[in-house]
Amino acid sequence: MSTDKKRVQFRAPNRLIDRADALADVLGEDRTDILVTALREYLQEATHDDALTQEIAAAYYDDEISFEQLKALVGAEEAANLRVLKQQLDEDFIDEAADA
């Protein structure tokens with residue numbers, strides 16, 4: 001995992017932050033560690049959801065996200081598969097347009 005870090009700032013409900021702080025105290029960690037772990041786990045679980053993966057693929061096919069963003073979301077192997085499929089879809093579209 002990369003050690004490069006980006007500072008982010010966001011607002012969250014007090015109750016949620018209080019829970020994160022309490023868990024951090026129990027585990028002997030700081031709030032940032034708890035939030036980063038929670039975000040990492042959420043993203044890992046979310047990208048294994050078939051409906052969300054389809055939305056991510058559609059965003060890539062529609063050029064709403066880059067290949068690098070796709071790869072960060074679904075992993076290198078799945079991203080490569082989706083890139084091949086996108087190329088095939090683009091070629092099919094060009095062939096259909098040429099035949100029309």
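Residues numbered from 1 in each chain as written. Predicted model: local features only at pLDDT ≥ 70, side-chain atom pairs only at ≥ 80, totals over all residues. Heavy atoms only, no water.

Going by an unreviewed UniProt entry, the protein carries the name Ribbon-helix-helix protein CopG domain-containing protein and comes from Halosolutus amylolyticus.

Peer 1: So what exactly am I meant to see when it comes to the nonpolar core here?
Peer 2: Most often, soluble globular proteins keep nonpolar side chains buried together rather than apart. Membership of the largest hydrophobic core is limited to 10 residues, which are Ile-56, Ala-57, Ala-59, Tyr-60, Ile-65, Phe-67, Leu-70, Val-74, Ala-79 and Leu-82. Sorting the residues of this core by element identifies helix H3 (50-61), helix H4 (67-74) and helix H5 (76-99) as the ones contributing at least two each. Per-element tally for this core: the top contributor is H3, with 4 residues. Discounting residues that sit within four places of it in the chain, Ala-59 has contacts with Glu-64 and Ile-65. (Core = buried A, V, L, I, M, F, W, Y, C linked by side-chain atoms within 4.5 Å. Buried < 20%, exposed > 50% of the residue type's maximum accessible area, 1.4 Å probe, protein only. Helix = DSSP H or I, 4+ residues; strand = E, 2+ residues; numbered from the N terminus. Contact = heavy atoms within 4.5 Å.)

Peer 1: Can you walk me through helix H1 (residues 14-27) in this structure?
Peer 2: The end-to-end C-alpha distance of H1 is 20 Å, a good match for the 20 Å that 14 residues give at a rise of 1.5 Å each. Three or more residues of H1 are buried, namely Ile-17, Ala-20 and Ala-24. Seen along its axis, H1 keeps its buried residues to an arc of 60°; they face one direction. Across from the buried face of H1, at angles greater than 90 degrees, the exposed residues are Asn-14, Arg-15, Asp-18, Arg-19, Asp-25 and Val-26. (Expected span 1.5 Å × (residues − 1). Arc of directions from axis to C-beta.)

Peer 1: Is there a simple way to explain H3 in this structure?
Peer 2: Since the α-helix turns once every 3.6 residues, residues separated by three or four places project in the same direction. With 12 residues, H3 should cover 16 Å at 1.5 Å per step; its first-to-last C-alpha distance of 16 Å lies within 8% of that length. Buried within H3 are the following residues: Thr-53, Ile-56, Ala-57, Ala-59 and Tyr-60. Buried residues of H3 fall within an arc of 160° about the axis and therefore sit on the same side. Summarising the geometry of H3, the exposed residues directed more than 90 degrees from the buried face are Gln-54 and Glu-55. Capping the start of H3 is the job of one residue whose side-chain oxygen sits 3.2 Å from the backbone nitrogen of Ala-51: Asp-49. Two residues or fewer after H3 comes Asp-63, characterised by a positive phi angle close to 60°. (Polar contact = N/O pair within 3.5 Å; in protein donor to acceptor, adjacent residues only side chain to side chain.)

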